[in-house]
Every structure is written in structure tokens, then in C-alpha cells.
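# Topology and contacts: notes
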Amino acid sequence: GLVRVTAPVAFARQHLVPHITAFLREHPQVRVQLEVSDRLIALASEGFDLAIRHSETLPETHVALPLCTTRALVVASPAYLSEQGEPQTPQALSEHRCLYYPRGTEAPRWAFISALNPRERVEVNVSGPFATNNSESIRDAALDGLGIALLPDFSAHAALRDGRLVELLPQWQATGAFAQTLYIVRPWSAQVPRAV
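Residues numbered from 1 in each chain as written. Predicted model: local features only at pLDDT ≥ 70, side-chain atom pairs only at ≥ 80, totals over all residues. Heavy atoms only, no water.

### With respect to empty space enclosed by the protein
Taken as a whole and judged by the stated rule, the model has one cavity of 30 Å³ or more. Approximately 50 Å³ is the volume attributed to the largest cavity. Looking at the largest cavity, the residues that line it are Arg-71, Ala-72, Leu-73, Val-74, Phe-112, Glu-167, Leu-168, Leu-169, Trp-172, Gln-173 and Ala-174. Of all elements in the fold, only β5 (72-76), β11 (166-168) and β12 (172-175) reach the threshold of two or more residues within the lining of the largest cavity. A per-class count over the lining of the largest cavity returns eight nonpolar, one polar and two charged. (1 Å grid on protein atoms, 1.4 Å probe; cavity = no way out; pocket = protein on both sides within 12 Å on 5 of 7 lines; lining within 4 Å. Points joined across faces, edges and corners; volume = space filled by probe spheres on them. Helix = DSSP H or I, 4+ residues; strand = E, 2+ residues; numbered from the N terminus. Nonpolar A, V, L, I, M, F, W, Y, C, P; charged D, E, K, R; others polar.)

Here it is in C-alpha cells:
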């Protein structure tokens, strides 16, 4: 049967879509309809069977299965770092061009917890020339040397692996920007379709 799935744009493009072909070959009686969107879609009312959610708040009327853990990373391109220098502390980010997710009308703030002392917490006001609600767009701006980005690891992984981005402040863990788990979510039902 048909399985209708919704997933965040960056995760779907970089990690979900590359596996769909193998899945469909292994399960030829299943068809997948995937909608990629960064907005939270109401599954039942919009006719979706499953969602991939990068969120800490999940509906109580749904079943949520952890897919994988994630973490937020501070990254920049080697070109940006050679031009502007590398921040050595979270506080130094206030002197850099930062690329960020807008959170309503609030001024952008990044929070960090020390890896050496988990009780040490720092919040930093950041600013920069570009903000958007899509991690791939922020990543691409960072790749072009526009500034320092705070990204979920799944958006930065390939660029970090091949050296196009560099992780900054590894002794600090960014917190509160993104959820720490990706979930597979479905509406609760006593009868779950076999395809799901």
C-alpha cells in the first residue's frame, strides 16, 4: 500500500531520500509519497501516515519512535576563518558574522554548556547578515564564507567530512537551538496498516 511521509527538508534530502530506492526494491508492494517541509504538519488532518520530527515536543496522541540522536554544531568555512579569525570562546561569537535560524521577533541568542563543566552555561547575543528557517540554506551560506553557522549535525556532516566546513568551539556544546533526537511519529491507532 501507500505510505505518506513528511520530513524536514535537509534531513529528507541528505539522509532519507538516498535510502528510499533500496527500501522500495526490498518492499515492492509499498509505495512512498514524501512531502519535504520544515513546517510541522498535522498528520491525521493532512492525511500523513508518518512524520520525521526534529522536536522535543511531540503530540501525546501519537506514537513516537526515536530514530537517532543529533547535536548542534558551530561551523565555518576555512575561507571565513582565514579572513576573520577563529573564535576561541562562545563570547567571541558576538564579534563575528553569524548565520542563524530566526525565532520569531526575539534577538538571536546562542546558548552553550561547557564540556568540561556541565554547570557552566553561557548565552551569547549573535548577529549577522543572513537568517533563514532552513539548515541547508544556512550551511550553503557558511560554505560560501558568509559567516559562522549553528547547524544540526546532519546538515553539516558531509561538509565537515570533506573539509569544506570546520567545527568550532568543540569544548562547548550548543544547547536549545535544535532538538537532540529525530523521531519517527505516527498517529496512535489500534490497527496500523502493514505498509506503515
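### Some words on the nonpolar core
By size, the foremost hydrophobic cluster in this structure holds 33 residues, and its most contacted members are Leu-93, Trp-110, Ile-148 and Leu-150. In terms of residue count, the dominant contributor to this core is β5 (five residues). Dropping the residues within four chain positions of it, Trp-110 is found in contact with Leu-93, Cys-98, Leu-99, Tyr-100, Val-122, Glu-123, Val-124, Val-126, Ile-148, Ala-149 and Leu-150. Listed in part, the seven residues of the second largest apolar core include Ala-10, Phe-11, Ile-52 and Phe-154. (Core = buried A, V, L, I, M, F, W, Y, C linked by side-chain atoms within 4.5 Å. Buried < 20%, exposed > 50% of the residue type's maximum accessible area, 1.4 Å probe, protein only. Contact = heavy atoms within 4.5 Å.)

### Comments concerning helix α4 (residues 135-143)
Buried residues of α4: Ser-135, Glu-136, Ile-138, Arg-139, Ala-141 and Ala-142, and no others. Those residues of α4 that are buried lie in contact with α1 (9-26), β6 (97-100), β9 (127-131), β10 (148-152) and α5 (153-161). Where α4 begins, the side chain of Asn-134 points an oxygen toward the backbone nitrogen of Glu-136, at a separation of 3.1 Å. At the C-terminal side of α4, Gly-145 shows a positive phi close to 80°. (Polar contact = N/O pair within 3.5 Å; in protein donor to acceptor, adjacent residues only side chain to side chain.)

### Some details on the sheet that holds β12
Spatial strand order, β8-β7-β12: three strands in an open sheet with antiparallel pairing. Only two strands of the sheet have a single partner each, and these edge strands are β8 (121-125) and β12. When strand polarity is set aside, the average angle formed by the axes of neighbouring strands in this sheet is 30°. By the bridge criterion, five bridges tie strand β7 (residues 109-114) to β8 in an arrangement that is antiparallel. (Pairing = 2+ DSSP bridges. Axes fitted to C-alpha atoms, helices over the stretch in contact; angles between N-to-C directions.)

### Regarding the packing of aromatic side chains
Applying the stated criterion across every chain yields a total of two aromatic pairs. Ring centres of Tyr-101 and Phe-178 lie 5.0 Å apart, and the angle between their planes is 80°; on these two criteria the pair is classed as edge-to-face. Of this pair, Tyr-101 sits in the loop between β6 and β7 while Phe-178 is found in the loop between β12 and β13 (181-187), placing the two residues 77 residues apart along the sequence. Taking NZ or CZ as reference, Arg-4 lies 4.2 Å from the ring centre of Phe-48, over its face. (Phe/Tyr/Trp six-rings, centres within 6.5 Å; stacked < 30°, edge-to-face > 60°. Lys NZ or Arg CZ within 6 Å of the ring centre and 35° of its normal.)

### Focus: the sheet that holds strand β4 (residues 62-69)
A sheet is described by the order of its strands in space; here five strands give the open sequence β2-β1-β3-β13-β4, paired in mixed fashion. Of all strands in the sheet, those bounded by a partner on one side alone are β2 (31-36) and β4. Adjacent strand axes in the sheet meet at a mean angle of 20° when their direction is disregarded. For strand β3 (residues 50-53) and β13, the ladder comprises three bridges, and the chain directions are antiparallel. Of the residues in β13, the one forming a bridge with Ala-51 is Val-185. This element, α1, spans β1 (2-7), β2, β3, β4 and β13 of the sheet and lies at about 170° to β2.

### Remarks on the environment of Ile-52
Topologically, Ile-52 is positioned in strand β3. In the structure, Ile-52 is positioned 134 residues away from Arg-186 in sequence and 9.1 Å away in space, judged by C-alpha atoms. Setting aside its immediate chain neighbours within four residues, Ile-52 contacts Thr-6, Ala-7, Pro-8, Phe-11, Leu-16, Leu-67, Leu-182, Tyr-183 and Ile-184.

### Overview of the pattern of salt bridges
Pairing of side chains with opposite charge becomes possible as their charged atoms draw close. In this structure the tally under the stated criterion is seven salt bridges. Two residues, Glu-123 and Arg-109, come together in a salt bridge whose shortest N-O distance is 2.9 Å. On the criterion of sequence distance, the pair formed by Glu-123 in strand β8 and Arg-109 in strand β7 is long-range, its members being 14 residues apart. Here Arg-139 ties to Asp-140 by a salt bridge, and the two come within 3.0 Å at their closest N and O atoms. Under the relative-accessibility criterion, Arg-139 is labelled buried at 13%. Here the salt bridges do not stand alone but share partners, grouping Arg-109, Arg-121 and Glu-123 into one network. (Salt bridge = Lys/Arg side-chain N within 4 Å of Asp/Glu carboxyl O.)

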